[in-house]
Each structure stands twice: as structure tokens, then as C-alpha cells.
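Coordinates in review
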Amino acid sequence: MSTSDQDQDETVDASTTAPISAPDDTADAEERRLTPRQARRLRIVLSSVGMAAMAVVLGLRIASRSSVLVVGVYGLALILCGIVIELSRNGRTRLGSWLLGVGLVAAIGSDWLLIP
């Protein structure tokens, strides 16, 4: 075995046995990230809170003025919250997040624009 072969063996052994240390920033970022189960639970809780809020607003809006449009807008928002809960239970948290955000903004916007 030549000297160059021994040097190569030593570098291979050193690289395979030495642990690769991760920077502290990466370790902190991994600790702050949610696990998939936590993300699903968070979306379910947010959707449930949104559903309860939409039900309260629907009750208040019907008490002030009874309209089919009010029931339609907030009824669709309630249905959307239920769909997001179901999507989150099935692991589609990103899609559920986008639907929840866009749907609730659309419900509030249509209430502001369409309902007198």
C-alpha cells in the first residue's frame, strides 16, 4: 500500500466516522416547525373558530335584517369551514389553509359589497 492510498483511506475513515454538525440556526428552525399532526390540529382549531365566528355573525345579521343573501353568504362560509376541517383531517393542510383564507375574505368582502 502506497502513501497516497493510506492518505485516501484515512480521509475516507475520517469522513465516515465524524458526525456532521448542523449549524445552530438550522436546529432552531427545525425545532420551531410544526409536525404534520400539529399542523392538522391547528387548521382544525382555526376552522372551528372560524365556523363559530361565522355562526355568530350570521345570527347577528339575521336579527338585524332577514335576507336570503345573508343566509347564502354566511351559509357558504360555514360550509367552507366544514370542508377545511375535513381537508385538514385528511392531511391537506396547505390546501385547507388557502381555502380558509380566501373563502373567509370572500365572505367578508361579499357581505360588505353585496348586502346593504
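The following refers to the structure shown. (Residues numbered from 1 in each chain as written. Predicted model: local features only at pLDDT ≥ 70, side-chain atom pairs only at ≥ 80, totals over all residues. Heavy atoms only, no water.)

Looking now at helix H4 (residues 68–89). Taking 1.5 Å as the rise per residue, H4 with 22 residues should run 32 Å; its terminal C-alpha atoms sit 31 Å apart, in good agreement. All buried positions along H4 are accounted for by Val70, Val73, Tyr74, Ala77, Leu80, Cys81, Val84, Ile85, Leu87 and Ser88. End-on view of H4: buried residues confined to an arc of 165 degrees, all on one side of the axis. Facing away from the buried surface of H4 by more than 90 degrees, the exposed residues are Val68, Leu76, Ile79 and Arg89. Against the buried residues of H4 lie helix H3 (36–64) and helix H5 (93–114). Two residues or fewer past H4, Gly91 is found with a positive phi of approximately 90 degrees. (Helix = DSSP H or I, 4+ residues; strand = E, 2+ residues; numbered from the N terminus. Expected span 1.5 Å × (residues − 1). Buried < 20%, exposed > 50% of the residue type's maximum accessible area, 1.4 Å probe, protein only. Arc of directions from axis to C-beta. Contact = heavy atoms within 4.5 Å.)

Their axes nearest at 9 Å, the elements H4 and H5 cross at an angle of 170 degrees. Overall, the two elements H4 and H5 adopt an arrangement that is roughly antiparallel. Here H4 contributes Leu69, Val73, Tyr74, Ala77, Leu80, Cys81, Val84, Leu87 and Ser88 to the contact with H5, which in turn contributes Thr93, Leu95, Gly96, Leu99, Leu100, Gly103, Leu104, Ala107, Ser110, Asp111 and Leu114. When grouped by side-chain class, the residues that make up the contact of H4 with H5 number 14 nonpolar, five polar and one charged. (Axes fitted to C-alpha atoms, helices over the stretch in contact; angles between N-to-C directions. Parallel < 35°, antiparallel > 145°, perpendicular 65-115°, else oblique. Nonpolar A, V, L, I, M, F, W, Y, C, P; charged D, E, K, R; others polar.)

It is worth spelling out the nonpolar core at this point. Core analysis: the largest hydrophobic core is formed by 12 residues, namely Met54, Leu58, Val70, Val73, Tyr74, Ala77, Cys81, Val84, Leu100, Leu104, Ala107 and Ile115. Only H3, H4 and H5 provide two or more residues apiece to this core. Of the residues forming this core, the biggest block, six residues, is contributed by H4. Non-local contacts of Tyr74, meaning those with residues more than four positions away in its chain, are made with Met54, Val57, Leu58, Arg61 and Asp111. (Core = buried A, V, L, I, M, F, W, Y, C linked by side-chain atoms within 4.5 Å.)

Note that all results are geometric; they support no functional claim without further evidence.
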